[in-house]
Amino acid sequence: MAKTNPFKFIQEVRAETSKVTWPTRRETAVTTAMVFVMVMIASIFFLIADQLMSLGIGFLLGVGG
């Protein structure tokens, strides 16, 4: 395995990071808000699904309401 010069490696890393299109602060905030909204929607969905499955299993087994 070839050894890489650490100085050259750092230069290559800097060159690659300069090619990246970084998001603006606003884009990051909007994306973060969208993630939180989707997490809330998913958690509510799974809460309702869990409750319905619990009721169904309880009904099938004759346990409680």
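The shown structure was predicted, so the numbers you read here are calculated from the model rather than taken from an experiment. (Residues numbered from 1 in each chain as written. Predicted model: local features only at pLDDT ≥ 70, side-chain atom pairs only at ≥ 80, totals over all residues. Heavy atoms only, no water.)

S.K.: Please provide a residue-by-residue account of the overall build of the protein chain, values included.
M.R.: On a plain count of helices and strands, the protein chain comes out with 2 helices and 0 strands. Against the globule reference of 11 Å for 65 residues, the protein chain gives a C-alpha radius of gyration of 25 Å, more extended than a compact globule. Considered along the principal axes of its C-alpha atoms, the protein chain spans approximately 70 × 40 × 10 Å. Put simply, the protein chain has 65 residues, and 3% of those count as buried. Charge centroids of the protein chain, computed over 6 positive and 4 negative side chains, lie 13 Å from each other. (Helix = DSSP H or I, 4+ residues; strand = E, 2+ residues; numbered from the N terminus. Rg over C-alpha atoms; globule rule 2.2 N^0.38 Å. Buried < 20%, exposed > 50% of the residue type's maximum accessible area, 1.4 Å probe, protein only. Lys, Arg positive; Asp, Glu negative; His and termini not counted. Charge placed at Lys NZ, Arg CZ, Asp CG, Glu CD.)

S.K.: Account for a nonpolar patch on the surface, with residues named and values stated.
M.R.: Side chains of Met53, Ile57, Phe59, Leu60, Leu61 and Val63 sit close together on the surface and give an oily, nonpolar patch of about 750 Å² of accessible area. Along the chain, the position of Met53 falls in helix 2 (residues 25-61). Residue class for Met53 comes out exposed when judged on its relative accessible area of 52%. (Patch = residues over 30% accessible without salt bridge, like charges linked within 9 Å, V, L, I, M, F, W, Y side chains within 5 Å. Areas by Shrake-Rupley, 256 points an atom, 1.4 Å probe, with all protein chains shown as cover. Salt bridge = Lys/Arg side-chain N within 4 Å of Asp/Glu carboxyl O.)

S.K.: Break down the UniProt feature "transmembrane region" (unreviewed entry) in the protein chain for me, with residues and values.
M.R.: In this numbering, the UniProt entry assigns the feature "transmembrane region" (unreviewed entry) to residues 29-49. As annotated, residues 29-49 comprises 100% helix and 0% strand, and the C-alpha atoms at either end are separated by 30 Å. (UniProt positions renumbered as here; feature names shortened; annotations may be inferred.)

S.K.: Could you give me a rundown of the pattern of salt bridges, with the residues and numbers involved?
M.R.: What the rule picks out here adds up to 1 salt bridge. For Lys19, the salt bridge identified is with Glu16, shortest N-O distance 3.2 Å. One end of the pair, Lys19, and the other, Glu16, are both in helix 1 (residues 6-19), 3 residues apart, so they sit about a helical turn from each other. Its relative accessible area of 47% is what places Glu16 among the partly exposed residues.

S.K.: Describe the environment of Arg14, with residues and values.
M.R.: Relative to the assigned elements, Arg14 resides in helix 1. A residue is classified by how much of its surface remains accessible, and Arg14, at 64% relative accessible area, is exposed. Sequence-wise, Arg14 and Val30 are 16 residues apart; in three dimensions their C-alpha atoms are separated by 28 Å.

S.K.: I'd like a rundown of helix 2, residues and numbers included.
M.R.: Across its 37 residues, helix 2 extends 53 Å between first and last C-alpha, which sits within 8% of the 54 Å expected from 1.5 Å per residue. In the segment just after helix 2, Gly62 is the residue with positive phi, at about 75°. (Expected span 1.5 Å × (residues − 1).)

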